[in-house]
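# Analysis of the macromolecular model
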Amino acid sequence: HCFGCGAHGDGIRFLMEAQNYTFMEAVKDLAGRAGLSLPTDHREEEPVEDLTPLKAALQETALWFQRNLSQPQGGMALQYAGKRGLTRETLKTFGMGYAPSGRHHLEAYLKNKGFSTEVLVKAGLVFQEEESAHVYDRFRGRLMFPIQDTRGQVVGFGGRLLNVGEPKYLNSPETPLFSKGKLLYGYPLAKEKAKTDPLLIVEGYMDVIALHQAGFKGAVAPLGTALTEDQIRLAWRLHPEPILCFDGDSAGFKAAMRAAERVLPLLKPGYSLQFVFLPQGEDPDSFVKKGSLFQDLLSRPLPLLEALWLFLTQGKSFKTPEQKAALQKQCAVWVNGITHTDIKKNYQYALKDFFYRDFVHKKAAKTVVSPLKRAPLNFMGIYERLLLAILINHPTLLNEVSDELSLIDFQESPLRDVRDEMLTFYAAHHQEPSSLRETLLLKGFETEVSMILSPQTLIHGAFAQAGASEAEAHAGWKEIFGRIQAPSGSVDMSLAQSHLAEEMTEKAWQRLKKLKKSMLLNG
């Protein structure tokens, strides 16, 4: 019993709470510590295989790889790790090592330790040819990453090739101990994160290690596969709403979309996924090295609902009735994948609201109707921030719109200062505009950049978000720039509607109904 917080229970309960174990994991851990064997189900026809030799071989291999890294033969691996910015402490924390070139180094070492060829093959450490029965080391000339199960035991390895060749990354095969779809790399270390820290699901080993070294202790990754149902459930044991943070390219976007579709049948009250989308060409390993930018991005993740809408509409046209009907059909397909009745109903209502907001009300509204006691929106200020957000997230557009940018008479002095700094930057770096955001931050515009990229701004234009394509961002620029050039008395009802829909709450829903009713009364 803890007299401080009131937690209490037995040894099993303690491990379940402290180590995020399942009941059976806690029982097995305690039995192993006490040297006891668990009772078996005598109804099983086949005896349970003794995996102790496999575990011992894997642990001995992990230690051997680590020793190799500190020897002269590991110089190339250390040099590669240094280029990636990894410290010696980080290498030790993750137990990283080196598998030397040559076909029989590990095999000879382990056989000298008394392990049989059968054990080495079953553990996935050597490969045996079917025809000749020749045996050779599976991992050769690679920087090695030991993979641990939920209890911190080594069950497999991943290896990064240091010379030219394929595959660049190689994982252990499926074995009695290792199933890549049921494990998350870095999970034992992520269990030690503070409860207030986010759980970040990234794509690869180096992303996990770089984030951990930068202070983001709750980073894990799938093992070279799309995120599976088992991995989602495993992540939920550490945090009810993990943040997916995949690479900022089309492959990363598609991987995030597959994860969103896969989680729908698993949703339950309080448990979901969140998403952040990195700038084009960035991955967590590269982006975390850019100071506070990564933390800023993590502070405003997209909930699953908004991410779904983004996946359904990104880069698509919905001008015709047929296109809109196709979108409604796809919404229904995805929502029908949700098995929890109440969650399914909420998603149905919310996606219908999104559809009304973006494709019905935008054209139907002709006059401003504001039955709410709420300060009026500053449309022009929103327009101006959207334009600057477009350029911060898509700096290469400066090559096409710098002249138009210089013509805008910004209402707010801080925004004018940001615009002037952008033009100064473009004049000096027009061949390499990708560092625009970093330059603004270095020049002291942290507050202004945070305001420009806030959810309150970006909710009014998906084209301004980092995940939008270059073509969408350019089209958004032309639309907003045209509105700014229009007479000041023109009103944009779509912005008002977007503002009302920014919070999916009962209060927001009542506001939306009042607005629809007012539109009907005014014809």
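Each remark here, short or long, concerns the structure printed above.
Below is a summary of the structure that appears in this document. (Residues numbered from 1 in each chain as written. Predicted model: local features only at pLDDT ≥ 70, side-chain atom pairs only at ≥ 80, totals over all residues. Heavy atoms only, no water.)

As a further point, take the pattern of salt bridges. With the rule as written, the count across this model stands at 13 salt bridges. One salt bridge in this structure joins Glu-282 and Lys-290, with 2.2 Å as the shortest N-O distance. The exposure class of Glu-282 is buried, given its relative accessible area of 12%. Residue Asp-285 is joined to Lys-289 by a salt bridge in which the shortest nitrogen-to-oxygen separation is 2.6 Å. Exposure remark for Asp-285: the relative accessible area of 6% places this residue in the buried category. What emerges from the salt-bridge pattern is a single network uniting Arg-84, Asp-285 and Lys-289. (Salt bridge = Lys/Arg side-chain N within 4 Å of Asp/Glu carboxyl O. Buried < 20%, exposed > 50% of the residue type's maximum accessible area, 1.4 Å probe, protein only.)

Enumeration over the complete set of coordinates arrives at 24 aromatic pairs. With a centroid separation of 5.5 Å and 20° between ring planes, the pair formed by Trp-64 and Tyr-109 is classed as stacked. Placement of Trp-64 in helix 3 (residues 52–69) and of Tyr-109 in helix 6 (residues 105–112) is noted, with a sequence separation of 45 residues between them. The burial state of Trp-64 is the same as that of Tyr-109; both residues are buried. Ring geometry for Phe-287 and Phe-294: centres 6.4 Å apart, planes at 70°, overall edge-to-face. The buried category is assigned to Phe-287, whose relative accessible area is 2%. Sitting over the face of the ring of Phe-354, Arg-357 holds its NZ or CZ atom 4.5 Å from the ring centroid. (Phe/Tyr/Trp six-rings, centres within 6.5 Å; stacked < 30°, edge-to-face > 60°. Helix = DSSP H or I, 4+ residues; strand = E, 2+ residues; numbered from the N terminus. Lys NZ or Arg CZ within 6 Å of the ring centre and 35° of its normal.)

Attention now goes to helix 18 (residues 398–407). Every buried residue of helix 18 is accounted for by Leu-398, Val-401, Ser-402 and Leu-405. Down the axis of helix 18, the buried set is contained in an arc of 145°. They therefore lie on one face. Among the exposed residues of helix 18, those oriented more than 90 degrees off its buried face are Glu-400, Asp-403 and Leu-407. (Arc of directions from axis to C-beta.)

Further remarks concern the sheet that holds strand 8 (residues 219–220). Pairing in this open sheet of five strands is mixed, and the strands run 8-7-9-10-11 from one edge to the other. Here the strands that pair on one side only, and so sit at the sheet edges, are strand 8 and strand 11 (302–303). The pairing of strand 7 (residues 200–201) with strand 8 spans two bridges and is parallel. Bridge pairing links Leu-200 to Ala-219 in strand 8. (Pairing = 2+ DSSP bridges.)

Now for the nonpolar core. Leu-125, Phe-157, Tyr-185, Phe-294, Leu-405, Met-422 and Trp-477 are the most contacted members of the largest nonpolar core, which has 99 residues in total. When residues in this core are grouped by element, the largest group, 10 residues, is from helix 17 (residues 379–393). Beyond its immediate chain neighbours, meaning those up to four positions away, Trp-477 contacts Leu-387, Ile-390, Leu-391, Val-401, Glu-404, Leu-405 and Ile-408. Core analysis: the next-biggest nonpolar cluster, separate from the first, contains 48 residues, Ala-255, Leu-305, Phe-311 and Ala-350 among them. (Core = buried A, V, L, I, M, F, W, Y, C linked by side-chain atoms within 4.5 Å. Contact = heavy atoms within 4.5 Å.)

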